[in-house]
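What follows is the residue order along each chain.
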Amino acid sequence: MNKSRLNKITFRLSDSELQDLRARIKKSGYNEQQFLIRAINSKQVIEKESLHNLIVELRREGVNLNQIARSCNSGNFPYERTRIHQVLDKLEKLWQSLR
């Protein structure tokens, strides 16, 4: 038992509200207590699944940038301009989705 949290609260939900709450908790990756404390403290609750997808996409773009850097270091810079702009556009879109 957490000695700093001595108080307990109970409340009632309809079946659909409980299903919605459990679905949101599951998506968040937190347990019930962590999820509710974050919600109470007005901390943003991020769905880990969507964050995972974003991380995967960032890794892909990182690999693309690494390939472009290797190619440029081999003297192919003039040929890589188009790829550089494509990767920058994708990174800009990812950045906007984070905001």
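Residues numbered from 1 in each chain as written. Predicted model: local features only at pLDDT ≥ 70, side-chain atom pairs only at ≥ 80, totals over all residues. Heavy atoms only, no water.

A. Main features of the overall build of the chain. On a plain count of helices and strands, the chain comes out with 3 helices and 0 strands. For the chain, the N- to C-terminal ordering of α and β elements is α-α-α. Whereas a compact globule of 99 residues would reach a radius of gyration of roughly 13 Å, the chain reaches 22 Å, over 25% beyond that. In the chain, which comprises 99 residues, the proportion classed as buried is 11%. Put simply, 27% of the contacts in the chain that link residues at least 6 apart link residues at least 24 apart. With the model as given, the accessible surface of the chain reaches about 8,900 Å², and the carbon-plus-sulfur share is 51%. Looking at the chain, you have 19 positive and 11 negative side-chain charges, and the mean spots of the two groups are 8 Å apart. (Helix = DSSP H or I, 4+ residues; strand = E, 2+ residues; numbered from the N terminus. Rg over C-alpha atoms; globule rule 2.2 N^0.38 Å. Buried < 20%, exposed > 50% of the residue type's maximum accessible area, 1.4 Å probe, protein only. Contact = heavy atoms within 4.5 Å. Areas by Shrake-Rupley, 256 points an atom, 1.4 Å probe, with all protein chains shown as cover. Lys, Arg positive; Asp, Glu negative; His and termini not counted. Charge placed at Lys NZ, Arg CZ, Asp CG, Glu CD.)

B. Just helix α2 (residues 32–40), in detail. The backbone nitrogen of Q33 has a side-chain oxygen 3.1 Å away, supplied by the residue at the start of α2, namely N31. S42, located one to two residues past α2, shows a positive phi value of around 60°. (Polar contact = N/O pair within 3.5 Å; in protein donor to acceptor, adjacent residues only side chain to side chain.)

C. Quick peek at the side chain of S28. As for its placement among the helices and strands, S28 is situated in helix α1 (residues 15–28). Separated by 3.2 Å, the side chain of S28 and the backbone nitrogen of Y30 make a polar contact.

D. The arrangement of the pattern of salt bridges in detail. Scanning the entire structure with this criterion turns up 2 salt bridges. The residue R60 makes a salt bridge to E57 at a minimum N-O spacing of 3.2 Å. Taken together, the residues span about one helical turn, with R60 and E57 both in helix α3 (residues 48–98) at a distance of 3 residues. Residues E61 and K90 are paired through a salt bridge, measuring 4.0 Å at the closest nitrogen-oxygen approach. With relative accessibility at 2%, the residue E61 sits in the buried group. Judged by its relative accessible area of 43%, K90 is partly exposed. (Salt bridge = Lys/Arg side-chain N within 4 Å of Asp/Glu carboxyl O.)

E. Broad picture of a nonpolar patch on the surface. Nonpolar side chains collect at one region of the surface, where I9, F11, L13, L36 and I40 lie side by side and expose about 530 Å² of accessible area between them. Tracing the sequence through the fold places F11 in the segment before α1. (Patch = residues over 30% accessible without salt bridge, like charges linked within 9 Å, V, L, I, M, F, W, Y side chains within 5 Å.)

F. Expanded view of the environment of N76. Among the structural elements, N76 can be located in helix α3. C-alpha of N76 to C-alpha of Q44: the two residues are 32 residues apart in sequence and 44 Å apart in space.

G. Region of the structure containing α1. Between the first and last C-alpha of α1 there are 20 Å, a value that for 14 residues agrees with the 20 Å anticipated at 1.5 Å per step. G29 sits one or two residues past α1 and shows a positive phi near 85°. (Expected span 1.5 Å × (residues − 1).)

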